[in-house]
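Structure assessment
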Amino acid sequence: MTQKMIALPINSVELLEKIADIIFDRALKRQNYTHVYAQMCAFMINDPKFNKRATNTTTTFQKLLLEKCSGVFYTLTEYQQELNKLKEKMKNDNMVLNRCLSTLNNFQFDFNKKIICNCRFIGELFKNGALPEKIILSCITDLSNENNENNELKMHCLYTILQLAGPILSKTYDLNEPVNKLVSSINNPDMSSELKSLILQVKRIHSKGWMNDEPVKFVGNNYTAFCDLPSHMKNGYRLKSNMIMAEWIYEESRDVLFNFVNKNKIDEVIQLLKMRNTWIFHDPVLFVVSIILVSLEENQNVRNYAGKLLDNLNEKKELSKCSIQLGVNKVLNDSGTEKDYPNLSNLVSDITGQFKH
């Protein structure tokens with residue numbers, strides 16, 4: 001196949017871009033064959049006939065390929081923006097909570113898989129002499145910085161690149177800093193046991209001067225969709241999805257409550273809820289819980305307003321008595337909340353004392 005690719009009559013940048021697109025797409029989607037596609041690219045890049053200017057421009061197959069790798073690599077820093085786009089889409093599509101959680105699970109899995117497969121492709125390209133040393137060093141530096149956002153994903157990427165590029169780089173560079181960064185990350189209690197085990201493998205290889213006698217392994221290498229994962233691997237995604245949903249609903253609830261505190265106009269609050277398509281309509285009990293939790297962090301005056309808000313929403317038939325009571329009971333019966341607020345029952349009484357209906 002490689003020889004056929006090299007023999008293609010490349011007479012335009014567009015055709016060269018199309019070839020790069022196809023190979024790059026396959027390399028990221030067919031993760032068990034990422035190394036094979038990297039070897040193919042290395043042959044093409046190192047072939048003087050193929051890796052030449054397609055026209056009278058400076059465009060080469062290698063440059064196009066590296067631009068694609070770089071584009072995906074740096075979407076790692078755009079995780080929150082992508083998540084916010086998804087949030088708005090889910091709300092606009094009127095998704096119920098269970099569907100939202102399922103969508104979040106799939107989004108996280110697909111995002112992580114794409115980023116990690118891209119890092120593997122980068123590592124394999126370097127290993128095969130098709131990627132400049134300065135680029136792999138730049139990737140390692142970026143993944144090793146002090147920003148801990150998406151820590152597990154970043155450490156997964158760092159592990160992937162180091163275990164592929166380490167044997168070559170260690171001959172001319174001191175890799176103590178990135179390896180130490182990697183090893184220190186296993187203190188994260190939310191990190192999967194599989195990744196912790198592989199990080200310790202890199203530590204052992206590094207201590208032996210990168211003389212590796214162990215087979216190269218990748219976490220979740222055989223799974224192409226979230227639904228294919230075994231239960232223990234799904235749990236991490238589910239936990240994070242629930243946390244994301246809780247944060248979104250908490251933020252919305254805070255905005256709603258303080259709009260009412262500042263203006264004391266229930267009709268305006270209801271208009272705001274409907275205009276934003278808030279999740280109050282999809283999980284009213286969770287909305288009640290969030291309003292109570294927001295008010296627990298504030299003073300008695302705000303808690304009184306929280307009670308009035310819930311009571312007025314009930315009066316306007318936007319919230320049922322049952323939803324409100326279930327929300328109150330969830331807060332009172334939660335051991336974690338009780339631990340955070342030893343006088344929880346008195347604080348909740350500030351809220352429930354405002355109920356008239």
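Preceding this paragraph is the structure being described.
Heads up: these notes are all about the structure in this document. (Residues numbered from 1 in each chain as written. Predicted model: local features only at pLDDT ≥ 70, side-chain atom pairs only at ≥ 80, totals over all residues. Heavy atoms only, no water.)

So, the overall build of the chain
Counting secondary structure elements, the chain contains 17 helices and 0 strands. For the chain, whose C-alpha radius of gyration is 26 Å, the value lies well above the compact-globule estimate of 21 Å for 357 residues. In terms of overall dimensions, the chain has C-alpha extents of about 80 × 50 × 35 Å along its principal axes. Across the 357 residues of the chain, 48% fall into the buried class. (Helix = DSSP H or I, 4+ residues; strand = E, 2+ residues; numbered from the N terminus. Rg over C-alpha atoms; globule rule 2.2 N^0.38 Å. Buried < 20%, exposed > 50% of the residue type's maximum accessible area, 1.4 Å probe, protein only.)

Some points on the environment of V294
Its place among the elements puts V294 in helix α13 (residues 284-296). In the structure, V294 is positioned 120 residues away from D174 in sequence and 49 Å away in space, judged by C-alpha atoms. Not counting chain neighbours up to four residues away, the residues in contact with V294 comprise Y250, S253, R254, L257 and F258. (Contact = heavy atoms within 4.5 Å.)

Let's talk about the packing of aromatic side chains
Scanning all chains against the criterion turns up 8 aromatic pairs. Members of the aromatic cluster, joined through ring pairs, are Y79, F107 and F111. When the ring centre of F226 is taken as reference, the NZ or CZ atom of K234 above it lies at 5.7 Å. Lying over the aromatic face of Y305, K308 brings its terminal NZ or CZ to 5.2 Å of the ring centre. (Phe/Tyr/Trp six-rings, centres within 6.5 Å; stacked < 30°, edge-to-face > 60°. Lys NZ or Arg CZ within 6 Å of the ring centre and 35° of its normal.)

Topic: unusual backbone geometry
Even without being glycine, W210 reaches a positive phi, approximately 60°. Note that W210 resides in the loop between α10 (193-207) and α11 (231-263). Of the residues examined, W210 reaches a relative accessible area of 7% and is grouped as buried. In this structure, K317 is a non-glycine residue whose phi angle is positive, near 65°.

Some thoughts on the pattern of salt bridges
Counted under the stated rule, the structure contains 9 salt bridges. Between K29 and D25 there is a salt bridge, with the nearest N and O atoms lying 3.4 Å from each other. Linking K29 with D25, this pair stays in helix α2 (residues 13-29), spanning 4 residues, or about one helical turn. Linked by salt bridges that have partners in common, D25, R26 and K29 make up one network. (Salt bridge = Lys/Arg side-chain N within 4 Å of Asp/Glu carboxyl O.)

Side note on helix α8 (residues 151-169)
End to end, α8 covers just 24 Å across 19 residues, shorter than the expected 27 Å (1.5 Å per residue, more than 12% under). Helix geometry: α8 is bent most strongly at Q163, by close to 40°, with proline P167 lying one to four residues after it. (Expected span 1.5 Å × (residues − 1). Bend = angle between axes of the 7 residues up to and from the residue.)

Considering helix α3 (residues 34-46)
Between its first and last C-alpha, α3 extends 18 Å over 13 residues, near the 18 Å set by a 1.5 Å rise per residue. Among the residues of α3, T34, Y37, A38, M40, C41, A42, M44 and I45 are the ones counted as buried. The elements touched by buried residues of α3 are α1 (2-6), α2, α4 (61-73) and α6 (97-127).

Looking at the environment of S184
By the secondary structure assignment, S184 is in helix α9 (residues 176-184). Between the alpha carbons of S184 and L257 there is a distance of 41 Å; along the sequence they are 73 residues apart.

Here we look at the packing of helix α14 (residues 300-315) against helix α17 (residues 344-352)
Two numbers describe how α14 lies on α17: the axes approach to 6 Å, and their chain directions differ by 50°. Comparing the axis directions of α14 and α17 gives the class oblique. For the pair α14 and α17, contact is made by Q300, R303, N304, A306, G307 and L310 and by L347, D350 and I351, respectively. Residue composition of the contact of α14 with α17, grouped by class: 4 nonpolar, 3 polar and 2 charged. (Axes fitted to C-alpha atoms, helices over the stretch in contact; angles between N-to-C directions. Parallel < 35°, antiparallel > 145°, perpendicular 65-115°, else oblique. Nonpolar A, V, L, I, M, F, W, Y, C, P; charged D, E, K, R; others polar.)

A look at the nonpolar core
I23, M44, F61, F121, L125 and I161 are the most contacted members of the largest nonpolar core, which totals 76 residues. Ranked by size, the runner-up nonpolar core spans 30 residues in total, among them L257, L296, Y305 and L344. (Core = buried A, V, L, I, M, F, W, Y, C linked by side-chain atoms within 4.5 Å.)

Section: the state of the cysteines
Tallied over the full model, the rule gives 0 disulfides. Unpaired in this structure, C69 has its nearest cysteine sulfur neighbour in C41, at a distance of 8.1 Å. You can see C227 has no disulfide; the closest cysteine sulfur is in C117, sitting 16 Å from it. (Disulfide = S-S within 2.5 Å.)

Observations concerning the packing of α8 against α10
When two helices pack together, their arrangement is captured by the angle between the axes and the distance separating the axes. Axis separation between α8 and α10 bottoms out at 10 Å; the angle between their running directions is 35°. When you trace α8 past α10, the crossing you get is left-handed. On the side of α8, the interface is formed by E152, H156, Y159 and Q163, while α10 contributes L195, L198, I199, Q201 and V202. Of the residues belonging to the contact of α8 with α10, the class tally is 5 nonpolar, 3 polar and 1 charged. (Left-handed = near helix turned anticlockwise from the far one by under 90°.)

Some words on the environment of I122
Of note, I122 is situated in helix α6. The buried category is assigned to I122, whose relative accessible area is 2%. Through-space distance from the C-alpha of I122 to that of A38 is 8.2 Å; in sequence the pair is 84 residues apart.

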